[in-house]
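Read off the chains here:
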Amino acid sequence: DAGVIQSPRHEVTEMGQEVTLRCKPISGHDYLFWYRQTMMRGLELLIYFNNNVPIDDSGMPEDRFSAKMPNASFSTLKIQPSEPRDSAVYFCASSFGGSNQPQHFGDGTRLSIL
Amino acid sequence: SQQGEEDPQALSIQEGENATMNCSYKTSINNLQWYRQNSGRGLVHLILIRSNEREKHSGRLRVTLDTSKKSSSLLITASRAADTASYFCATDAIAAGNKLTFGGGTRVLVKP
């Protein structure tokens, strides 16, 4: 079975541009998570969904970040406008049965904002 | 500071040796999980131990949990070069609304 699929794998863009990251969770999983990983701050939870509904977005850094899950098989994380400090690896993960159950991670999107 | 913190931050061993890393946390948990991350890849779930369990095994992995000391350890026996990765503990703290909080990780280098 396919795991969590993220696209693009790498994104380099200039400051001020809109960035959209995409995620396809594992089929049948009812939880989806967006994380950001940096050397300085480690792995941070940004937002998570249950059955396509956002449950906790307290980790979203500011209004420039938004996330949607229009259906059970697709989610996006958007940054508009992007800033150099947004440079990080962004991971999507999914799980079944609870936000505290084992999570399956995609291979991430490495984002560089110049 | 983070709920889960790993120790040591980095570990270098020879192939065949055992690797032990520890995770300490601050508040009561429902469960604790260990993950592995290879360079350039996403995290992979290794093992989950519940708060009422003291020890779990999975292949060459052994995890212990001491809730009185708020600590857990991950032991990798007979290490292989392929075990080279970063290892993270993740806690499901009751006070954190059942969300996982990841520690900073232990970087393990297994030299052939």
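The structure we're discussing is the one just above.
In this text the structure is predicted, and so the values were computed from the model without any measurement.

Asks: Where do I start with the sheet that holds strand S6 (residues 55–58) of chain B in this structure?
Replies: Residues and elements named next belong to chain B. Strand order in the open sheet formed by five strands is S1-S3-S8-S7-S6, with antiparallel pairing between adjacent strands. Of all the strands in the sheet, just strand S1 (4–7) and S6 have a single pairing partner and so form its edges. Across this sheet, the average inter-strand angle for adjacent strands is 20°, counted without regard to direction. Note: S6 against strand S7 (residues 61–66), four bridges, orientation antiparallel.

Asks: Where do I start with the sheet that holds strand S7 (residues 65–71) of chain A in this structure?
Replies: The strands making up a sheet associate through hydrogen bonds between their backbones, and the pairing can be parallel or antiparallel. Residue and element names in this part refer to chain A. Strand order in the open sheet made by the four strands is S1-S3-S8-S7, with antiparallel pairing throughout. On the outer flanks of this sheet lie strand S1 (5–7) and S7, each paired with one strand and no other. Across the sheet, the axes of successive neighbouring strands diverge by a mean angle of 15°, strand direction being ignored. Bridge count between S1 and strand S3 (residues 19–24): three bridges; the pairing is antiparallel. Paired with Ser7 across the strands is Arg22, a residue of S3.

Asks: Sorry if this is basic, but what is going on with the environment of Arg54 of chain B here?
Replies: Residue and element names in this part refer to chain B. Note on placement: Arg54 falls in the loop between strand S5 (43–50) and S6. Separated by 18 residues in sequence, Arg54 and Ser72 have C-alpha atoms that sit 9.2 Å apart. Once residues within four sequence positions are removed from consideration, Arg54 is found in contact with Ile49, Val63, Thr64, Leu65 and Thr67. At 3.1 Å, the side chain of Arg54 forms a polar contact with the backbone oxygen of Ser51. There is a polar contact of 3.4 Å between the side chain of Arg54 and the side chain of Thr67.

Procedures and definitions
Residues numbered from 1 in each chain as written. Chains lettered and ligands numbered in written order. Predicted model: local features only at pLDDT ≥ 70, side-chain atom pairs only at ≥ 80, totals over all residues. Heavy atoms only, no water. Pairing = 2+ DSSP bridges. Helix = DSSP H or I, 4+ residues; strand = E, 2+ residues; numbered from the N terminus. Axes fitted to C-alpha atoms, helices over the stretch in contact; angles between N-to-C directions. Contact = heavy atoms within 4.5 Å. Polar contact = N/O pair within 3.5 Å; in protein donor to acceptor, adjacent residues only side chain to side chain.

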